[in-house]
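Chain and residue survey
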Amino acid sequence: MATQSPLADLSQRLLGKAPGELDDEERRVLAGIEAGTTVSRDAADVSDERSSYGDRLADRVAAVGGSWGFIIAFAVILFGWMILNSDILGHFGMAFDPYPYIFLNLMLSTLAAIQAPVIMMSQNRQSAKDRLAASLDYETNLRAELDILRVHHKIDHLVLDRLDAIERKIDGLAKSAPDA
């Protein structure tokens, strides 16, 4: 009779599944139990390890573009552009983008056309981070649940062994007691 691998034994005993039926998280948890290692990992660290340069750039653009500092600085630049082209340079007839600010509108449209997909990329990356965090939480919770189950089984066996010992002791005392 062929012996089962420790992973197959743990899989069947703790989860009631054959090793081929396990998903990746369950396989990692059982491998961690078998190896005696921890499974908890920081989702941000794992996500950062997997991220590309473009992912990190999209996160930075979204962080800057979605801040009050960006909004205030952008408003100052817009008003400065309009005042410069309407009042200051317009007074001397040197306005390079007079009202209705066609060049400014072109730059704003270009910025919006570039910034919107980059922010969406960052949002998609955040969704992926959330899914990764949920997966890592599941692994940690599964490991904790299986470890509690294993401790519960050990305690049950200890209690049963202790009860057997007490029963043998009582039986021994009953046999050695004189009949009254």
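Heads up: the structure comes first, above all this text.
Predicted model only: the values in this text are computed from it and were never measured. (Residues numbered from 1 in each chain as written. Predicted model: local features only at pLDDT ≥ 70, side-chain atom pairs only at ≥ 80, totals over all residues. Heavy atoms only, no water.)

1. A short note on the packing of helix α4 (residues 53-65) against helix α6 (residues 102-176)
The contact between α4 and α6 brings their axes to 8 Å, and the two run at 110 degrees. Between α4 and α6, the angle falls in the class roughly perpendicular. As α4 runs across α6, the sense of the crossing is left-handed. Residues G54, D55, A58, D59, V61, A62 and G65 of α4 lie in contact with α6, whose contacting residues are Q115, V118, I119, M121, S122, R125 and K129. Considering only residue class, the contact of α4 with α6 consists of 6 nonpolar, 4 polar and 4 charged. (Axes fitted to C-alpha atoms, helices over the stretch in contact; angles between N-to-C directions. Helix = DSSP H or I, 4+ residues; strand = E, 2+ residues; numbered from the N terminus. Parallel < 35°, antiparallel > 145°, perpendicular 65-115°, else oblique. Left-handed = near helix turned anticlockwise from the far one by under 90°. Contact = heavy atoms within 4.5 Å. Nonpolar A, V, L, I, M, F, W, Y, C, P; charged D, E, K, R; others polar.)

2. Side note on the environment of F70
Note on placement: F70 falls in helix α5 (residues 68-91). The sequence separation of F70 and L57 amounts to 13 residues, and the corresponding C-alpha distance is 16 Å. Apart from the residues within four sequence positions on either side, F70 is in contact with V64, G65, L111 and Q115.

3. Some remarks on the packing of aromatic side chains
All told, the structure shown has 4 aromatic pairs when counted by the stated rule. Ring centres of F70 and F74 lie 5.3 Å apart, and the angle between their planes is 20 degrees; this geometry places the pair in the stacked category. With F70 and F74 both in helix α5 and 4 residues apart, this pair spans about one turn of that helix. Looking at F70, the relative accessible area reads 24%, which means it is partly exposed. Taken together, a centroid distance of 5.6 Å and an interplanar angle of 90 degrees make the contact between Y99 and Y101 edge-to-face. Taken together, the ring pairs connect W81, F96 and F103 into an aromatic cluster. (Phe/Tyr/Trp six-rings, centres within 6.5 Å; stacked < 30°, edge-to-face > 60°. Buried < 20%, exposed > 50% of the residue type's maximum accessible area, 1.4 Å probe, protein only.)

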